[in-house]
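Structural description and commentary
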Amino acid sequence: MRRAIALPTALLFAAALAGCATPRQSCIYRATGDYRAAQEKIETIEENLERGYALHREQEPYFAGRTCYYRHPATLEVLPYSCSSTYWRTRTTPVAIDADLEKEKLQRLRRELPALQARAAAGTRQCQAQYPEEG
């Protein structure tokens, strides 16, 4: 069950990733980090419990041969040669979970969420006070 992220949070996240976040946006992004992380963990655990297993994602390299070209310095002739390029792909594999343990983690995170939300709100207010020039 995916929950929609609030639009202001999504915009701050996108701006931070783009590297063009204002100091206020960066401050709020940092101040809300624990809360966002807890929300993401809750969503992941809920998805895993619905599915009955977790998904492990891993980046793995693969190599592809191709033809490259160079110009011979003496003759200026363009000559082909074999070369390879490294590419990356994501491998996803199912992983067994302990449903009881996952349910305990989910309950703990749900209990912690209100306190994390309050800290995020306080941090956001502090950032807004520190950087009032942005509306």
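The paragraphs below set out a description of the structure included in this document. Per chain, residues are indexed from 1 in the order of the written sequence. It should be noted that, the model being predicted, local features are given only for residues of pLDDT at least 70 and side-chain atom pairs only at 80 or more, the latter also being counted only at that level, while totals for whole chains, interfaces and linings use all residues. Excluding hydrogens and water, the side-chain values take into account all heavy atoms of the structure.

What about the overall build of the protein chain?
Only runs of H or I of at least four residues qualify as helices and only runs of E of at least two qualify as strands under DSSP, and these elements are numbered from the N terminus. Tallying secondary structure elements over the protein chain gives four helices and two strands in all. Mapped in sequence order, the helices and strands of the protein chain form the string α-α-α-β-β-α. Within the span of the protein chain, comprising 135 residues, buried residues form 23% of the whole. Taking the intrachain contacts of the protein chain between residues at least 6 apart in sequence as the baseline, contacts between residues at least 24 apart amount to 69%. Surface accessibility follows the Shrake-Rupley procedure with a 1.4 Å probe radius. Residue values consider only the protein chains on display as shielding. Within the structure as shown, the protein chain displays about 9900 Å² of accessible surface, and the carbon and sulfur contribution to it stands at 54%. Under the scheme applied here, a residue whose accessible area is under 20% of the maximum for its type counts as buried, over 50% as exposed, and between as partly exposed, the area being computed with a 1.4 Å probe on protein chains only. We call two residues in contact when some of their heavy atoms are within 4.5 Å.

As for the environment of Gln 128
For Gln 128, the position within the fold is in helix α4 (residues 99-130). Sequence-distant contacts of Gln 128, defined by excluding residues within four places in its chain, comprise Arg 24 and Ile 28.

A word on the pattern of salt bridges
Just to be clear on terms, a salt bridge is a Lys or Arg side-chain nitrogen sitting within 4 Å of an Asp or Glu carboxyl oxygen. Evaluation of the coordinates by the stated rule reveals six salt bridges. Residues Arg 108 and Glu 112 are paired through a salt bridge, measuring 3.3 Å at the closest nitrogen-oxygen approach. Here the residue Arg 108 and the residue Glu 112 both occupy positions in helix α4, the gap between them amounting to four residues, near one helical turn. The structure contains a network of salt bridges with shared partners spanning Glu 60, Arg 89 and Arg 91.

Some remarks on the packing of helix α3 (residues 33-51) against α4
Two packed helices can be described by the angle between their axes and the distance between those axes. A fitted line through C-alpha atoms represents every axis, and for helices the fit uses only the stretch in contact; the resulting angles, taken between N-to-C directions, go from 0 to 180 degrees. Between α3 and α4, the least distance of the axes is 9 Å, while the angle of their chain directions is 155°. If you check the angle between α3 and α4, you find them roughly antiparallel. When you trace α3 past α4, the crossing you get is left-handed. For the pair α3 and α4, the contacting residues are Asp 34, Tyr 35, Ala 38, Gln 39, Lys 41, Ile 42, Ile 45, Glu 46 and Leu 49 in the first and Ala 99, Glu 102, Lys 103, Lys 105, Leu 106, Leu 109, Arg 110, Leu 113, Leu 116, Gln 117, Arg 119 and Ala 120 in the second. In this classification, Asp, Glu, Lys and Arg are treated as charged, Ala, Val, Leu, Ile, Met, Phe, Trp, Tyr, Cys and Pro as nonpolar, and every other residue, Gly included, as polar. For the contact of α3 with α4, a count of residues per class yields eleven nonpolar, two polar and eight charged. Here the angle decides the label: under 35 degrees means roughly parallel, over 145 means roughly antiparallel, 65 to 115 means roughly perpendicular, and every other value means oblique. Note on convention: the crossing is left-handed when the near helix lies turned anticlockwise from the far helix by less than a right angle, right-handed when the turn is clockwise.

Some details on the packing of helix α2 (residues 23-31) against α4
Two elements in contact, α2 and α4, have axes whose closest approach is 8 Å; the angle formed by their N-to-C orientations is 165°. Classified by the angle between their axes, α2 and α4 sit roughly antiparallel to one another. Helix-helix and strand crossings are classified by hand; for α2 and α4 the assignment is right-handed. Only Ala 120, Gly 123, Thr 124, Cys 127, Gln 128 and Gln 130 of α4 make contact with α2, whose side of the interface consists of Arg 24, Cys 27, Ile 28 and Ala 31. Considering only residue class, the contact of α2 with α4 consists of five nonpolar, four polar and one charged.

What to know about the pairing of strand β1 (residues 53-71)
Strands pair, by our definition, only if DSSP identifies at least two bridges between them. Here 19 bridges tie β1 to strand β2 (residues 78-96), and the two strands are oriented antiparallel to one another. Bridge pairing in β2 places Arg 66 opposite Cys 83. The turn joining β1 and β2, which pair antiparallel and follow one another in sequence, is formed by six residues; a positive phi near 60° is taken by Leu 76.

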